[in-house]
Structures are given as structure tokens and as C-alpha cells.
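# Fold and contact review
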Amino acid sequence: MVANPQSGGGLRPVDLARAHGLSAQAVRNYEAAGILPAAARTASGYRVYTPLHARALAAFLALVAGHGHGTAAAVLRGVNVGAPDEAFRLIDESHAQLLDDRRTLEAVTGALRDLVPEPPESLPGPTGGFVGALAAELGIRPATLRKWERAGLVRPRRDPVTGYRRYDEADVRDARLAHQLRRGGYPLERIASVIAQVRSAGGVEPLEAALREWHDRVSARGRAMVAGAAELETYLRAREREEEKATA
């Protein structure tokens, strides 16, 4: 029978795995990927992990929740090879992306809130309004509406007799939303994505539930980042203590 490394203060792969509901093979894979520091080996070739490895694993799993697997793995690899600044840069980029997502959410929410329903008499009739009328309402040039059409933001029909563009109620809604977001500085590609969501949801009202879910995801990710930072700091301090012992 192979001796239990715990008898000498060490931990087996299964010991680390059980604490997080993982398989022992997953722990070995994390070590091979550089997410965990290299483990010592017994004379028989068995891996022996330490509480430092347990800290590394806890930090990695906590970072995954907020930053994703790829970034979390790169952060731990950076720390383990003695390049903490690279790890911090990756974390900064992830935080910047979350802030961008949060600002986009706020802009979309604000834009939808500003889409005040128009009285029936002010809305286009069954055949819709022409480009000039809609452009005048929004305070933009007709050329801008045509540019938005090429980008997929509006989809006017053509009058079968004159060939002129006609904008129905949905087009007016999309144009107003695009106008609000453009004033907020958002690029056409991102606006097109938002408008596609509005269309697939069947209008602005159904999208409100999706926006609430989006808000919850953004908040959850922000909190997960805080938790990941706490675990990473614990791991960094543990590494520093081990380094001090090694040089003492």
C-alpha cells in the first residue's frame, strides 16, 4: 500500500479535488497547465501537494467565476512564474471590460427609458412615413438614416409605386433607439446588436426583462471579481511567506 502523503503533512490530488468537487485528474491537469505550482514527488513518483497548492486552486476557481477560465488560468500562470505584474494587467483588462459592459447596459437602459410612446396620431400610418419626415423628427440628415439602413439599424420598405423608403412604427422605434445610443457615443455595430435584441424580443417591453437579467449578471460578475481578488491576495501572501522561509 502507498503511504498517504498527508502523514507527512502533504496532500494528495484527491485531497485537493474533494474540497472543490473536482476529480483528481482535473487537479493534475491544472498543475500541468501551470495553474498550480509544480508538485514535489515521493520516491515512488506520487505527487505531494501542500497548503500552498490548495490556496492556488482556491484562487483559480474563484477567479474563474469573475474573469473566465482563460483569464484566470493566465493570471495563475503569471503569478507562478514570478510575473505578478502581467497577472495584474490581465485582471485590469477584465475589470475594464466589465466597466464597458456596465456602461453599455446603462446606455441601453437609458435609451429605452427615453423612448416615450408617441400618441397614435403622431405615429406613421399603415404605409409608413418617408425618410425626410423621420429624419426631421430626429434632427438628423436623411443620409444618416440611409447609413443606418446599410448597417441594419432600420429596415424600411419600398413604396411599390414611387420606390421611396417608408418607415413603419417598428422602424421609427428602432431609429429613435439608434439615435439615443449614437448620442451616447456607441458604434453602429453595437447598436445593431441591441436593436436585433429588441426585434427578437418583440419590442421594447419584453426586452426589459432581458435587461434586468443582464443587470443581474453584471452585478454577479462584479461581486465574483471581488471574491476572486480576495482569494488571489491570500495566495500571493502565502507564496511570499514560503519564499521568506526558503531564503531565511
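Bear in mind that the values here come from a model prediction, so they are computed numbers and not experimental data.

### Points about the environment of Arg-241
- In this structure, Arg-241 sits in helix α10 (residues 204-247).
- The exposure class assigned to Arg-241 is partly exposed, which follows from its relative accessible area of 46%.
- In the structure, Arg-241 is positioned 189 residues away from Leu-52 in sequence and 10.0 Å away in space, judged by C-alpha atoms.

### Regarding the side chain of His-53
- Among the structural elements, His-53 can be located in helix α3 (residues 51-67).
- Leave out the neighbours within four places in its chain, and His-53 touches Leu-16, Leu-36, Pro-37, Ala-38 and Ala-39.

### Comments concerning the confidence of the model for the chain
- On average, the chain scores 85 in pLDDT, and the residues at 70 or more come to 88%.
- Contacts of residues 1-8 to residues separated by more than four positions or lying in other chains number ten contacts, the stretch itself having pLDDT below 50.
- Throughout residues 117-128 the model reports pLDDT below 50, and contacts reaching past four residues in sequence, or to other chains, amount to 15 contacts.

### Digging into the pattern of salt bridges
- Evaluation of the coordinates by the stated rule reveals 14 salt bridges.
- With a closest N to O distance of 3.1 Å, Asp-174 and Arg-199 form a salt bridge. Here Asp-174, found in helix α8 (residues 169-183), pairs with Arg-199, found in helix α9 (residues 188-201); they are 25 residues apart in sequence, far enough to count as distant.
- Of the residues examined, Asp-174 reaches a relative accessible area of 1% and is grouped as buried.
- The structure contains a network of salt bridges with shared partners spanning Glu-86, Arg-89 and Glu-93.

### Some details on helix α6 (residues 131-138)
- Among the residues making up α6, those that are buried are Val-131, Leu-134, Ala-135 and Leu-138. The arc enclosing the buried residues of α6, seen along the axis, measures out at 100°, which places them on a common side. Seen from the buried face of α6, the exposed residues on the opposite side, beyond 90 degrees, are Ala-133 and Ala-136.
- On its buried face, α6 sits against β3 (129-130), α7 (142-150), β5 (165-167) and α8.

### A look at the nonpolar core
- With 30 residues, the main nonpolar core has Leu-145, Trp-148 and Leu-153 as its most contacted residues.
- Elements that contribute at least two residues to this core include exactly α5 (84-113), α6, α7, α8, α9 and α10.
- Here this core gets six residues from one element, more than from any other, and that element is α9.
- Among residues more than four places away in sequence, those in contact with Leu-153 are Trp-148, Asp-174, Ala-178, Leu-188, Ile-191, Ala-192, Ile-195 and Arg-199.
- Grouped together as the second largest cluster of nonpolar side chains are 27 residues, Leu-57, Ala-59, Ala-73 and Leu-90 included.

Calculation notes
Residues numbered from 1 in each chain as written. Predicted model: local features only at pLDDT ≥ 70, side-chain atom pairs only at ≥ 80, totals over all residues. Heavy atoms only, no water. Helix = DSSP H or I, 4+ residues; strand = E, 2+ residues; numbered from the N terminus. Buried < 20%, exposed > 50% of the residue type's maximum accessible area, 1.4 Å probe, protein only. Contact = heavy atoms within 4.5 Å. pLDDT = per-residue confidence, 0-100. Salt bridge = Lys/Arg side-chain N within 4 Å of Asp/Glu carboxyl O. Arc of directions from axis to C-beta. Core = buried A, V, L, I, M, F, W, Y, C linked by side-chain atoms within 4.5 Å.

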